[in-house]
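# Chain and residue survey
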Amino acid sequence: AEKVFRTISAARPPLLVPVRLQRAGYDVQIGAGLIGRAGARLAPLLPQKRVMIVTDENVAALHLPALIAGLDETGIQHQTITVPPGEGSKTLAQYGRVTNALLEAGVERGTTVVALGGGVVGDLAGFAAATTLRGLPFVQIPTTLLSQVDSSVGGKTGINTPFGKNLLGAFHQPISVLIDTGALATLPAREIRAGYAEIVKSGLLGDADLFEWCDRHGQAVLAGDPDLQAEAIRRACAFKAAVVADDEREERKTNGRALLNLGHTFGHALEAELGYDGRLLHGEGVSIGLRLAFMLSVRLGYCAQADLDRVTAHLERLGMPARISDTGHEFSAATLVRHMRRDKKMRDGRLSFVLVRGIGKAFTCRDVPDEAVLATLREDGC
Ligand code: NAD
Ligand code: MG
């Protein structure tokens, strides 16, 4: 009987999160084993029974065989382009390699690009899809928790340049997003934590229920409980989909999509100072940045100390990075503020921040005094 039960639960229909946009609509499908079933899930959506898979070396070794087996079963033709793992692949050079490979393979307007990997692969493959033949259909199969809850939803694609991160890019919505929670079983614990920071961020910025849920179940999500991971991903994707539907191209001057940057001004400054060399993952910077954003909000009189205390307690109980000292590196407050001034979100020379009036109540603030930011950094030991 147990075996029958397992078979049934493995074939359980995926959780669906609809993403409804002005010109496009698609579903995010979430479930265990979806990579192996991608052929069947995608077949009805593909304009042509042909896909080009873009992946990285790590993910290819772990999850490409399952994807290929499923595509073969459903008679979908495929070729694979593999890039080295890591942020270093979001470059013009790799973009050139990928687009050359697409063109050399003779892709047509109906050939679909499938990104199998984390945010790096999704952003690179998505940008290649957006631009090759002026736009190829695109499918995201995100394999890191960060890409499952954040980068695969919303349509932002792009690469880095020597002038900064994500400075070349396009909005290009996928025709489908398949999230296989099974992929998380091979992901290092540190990467799971980094992705979790973006989930708790969503709760803190606009969904107090999600934060409550995280407070109750976050530990199990980090420990690898597949059902709770699926539920966390569903909630985070639904939240992001709603924000994106409301402000698809980040055009709102206040609030809107910009709120997704809660904790990011601080986080980016920490990342920038360490030079994106892997010593600090993006999500680790965000985790610390979330607490700093609450500290700054308390300092400016917008937020009650009790809410900051709840955030700190949550992060600490889960073993998430919470303080600048948790990076294991020393930073100068003045240097960090200089990084913030270089951030592309700067407007008219004023530091722009996402602040909070409490848990789930974020707002954008365009004139935060440098002194308050410096004092907050110093309070955290800078
Ligand atoms: P990543 O893609 O580099 O993946 C992290 C590491 O995990 C890599 O070494 C990768 O090979 C490995 N990996 C991936 N899946 C695995 C699995 N299932 N098992 C074992 N190893 C696996 O990093 P990331 O954190 O997923 O994404 C970061 C990128 O996402 C950044 O470039 C960032 O700019 C981008 N991003 C984009 C958006 C957006 O809206 N487009 C949003 C957030 C972040
Ligand atoms: Mg982020």
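### Here we look at the overall build of the protein
In terms of helices and strands, the protein carries 14 helices and eleven strands. Taking 2.2 N^0.38 as the reference for a compact globule, 382 residues should give roughly 21 Å; the C-alpha atoms of the protein span a radius of gyration of 21 Å, in line with that estimate. With the C-alpha coordinates aligned to their principal axes, the bounding extent of the protein is approximately 60 × 55 × 40 Å. Going through the 382 residues of the protein one by one, you find that 55% of them count as buried. Contacts in the protein between residues at least 24 apart in sequence constitute 74% of all its contacts with a sequence separation of at least 6. Summing over all exposed atoms, the protein offers an accessible surface of approximately 16100 Å²; the carbon and sulfur share of this is 51%. Taken as two groups, the 43 positive and 42 negative side-chain charges of the protein have centres that lie 4 Å from each other.

### Let's talk about the confidence of the model for the protein
Averaged over all residues, the pLDDT of the protein equals 94, while 96% of them reach at least 70. Mean pLDDT per element in the protein: helix α1 (residues 2–10) is the minimum at 51, and strand β3 (residues 50–56) is the maximum at 99. Scored as a complex, the prediction yields pTM 0.95 and ipTM 0.99.

### A closer look at the pairing of strand β9 (residues 176–180)
A large share of β9 lies buried, amounting to five of its five residues. By the alternation rule, side chains of β9 split into S176, L178 and D180 and V177 and I179, which are all buried. Judged from the four bridges that link them, strand β2 (residues 25–31) and β9 form a sheet pairing that is parallel. Bridge assignment links I30 to a residue of β9, and that residue is I179. The sheet contact formed by strand β6 (residues 138–142) and β9 spans two bridges and is parallel.

### Section: the site of ligand 1
Taken together, 25 residues are adjacent to ligand 1, and D56, E87, T143, T144 and T186 come closest. One nitrogen or oxygen atom from the side chain of D56 is found 2.7 Å from an oxygen atom belonging to ligand 1. In the environment of ligand 1, a nitrogen atom lies 3.5 Å from a nitrogen or oxygen atom belonging to the side chain of H63. Elements that contribute at least two residues to the shell around ligand 1 include exactly α3 (57–73), α5 (119–131), α6 (145–151) and β8 (164–171). Among the elements that take part in the shell around ligand 1, α3 stands out by supplying four residues, more than any other.

Conventions we followed
- Residues numbered from 1 in each chain as written.
- Chains lettered and ligands numbered in written order.
- Predicted model: local features only at pLDDT ≥ 70, side-chain atom pairs only at ≥ 80, totals over all residues.
- Heavy atoms only, no water.
- Helix = DSSP H or I, 4+ residues; strand = E, 2+ residues; numbered from the N terminus.
- Rg over C-alpha atoms; globule rule 2.2 N^0.38 Å.
- Buried < 20%, exposed > 50% of the residue type's maximum accessible area, 1.4 Å probe, protein only.
- Contact = heavy atoms within 4.5 Å.
- Areas by Shrake-Rupley, 256 points an atom, 1.4 Å probe, with all protein chains shown as cover.
- Lys, Arg positive; Asp, Glu negative; His and termini not counted.
- Charge placed at Lys NZ, Arg CZ, Asp CG, Glu CD.
- pLDDT = per-residue confidence, 0-100.
- Pairing = 2+ DSSP bridges.
- Near = heavy atom within 4 Å.
- Polar contact = N/O pair within 3.5 Å; in protein donor to acceptor, adjacent residues only side chain to side chain.

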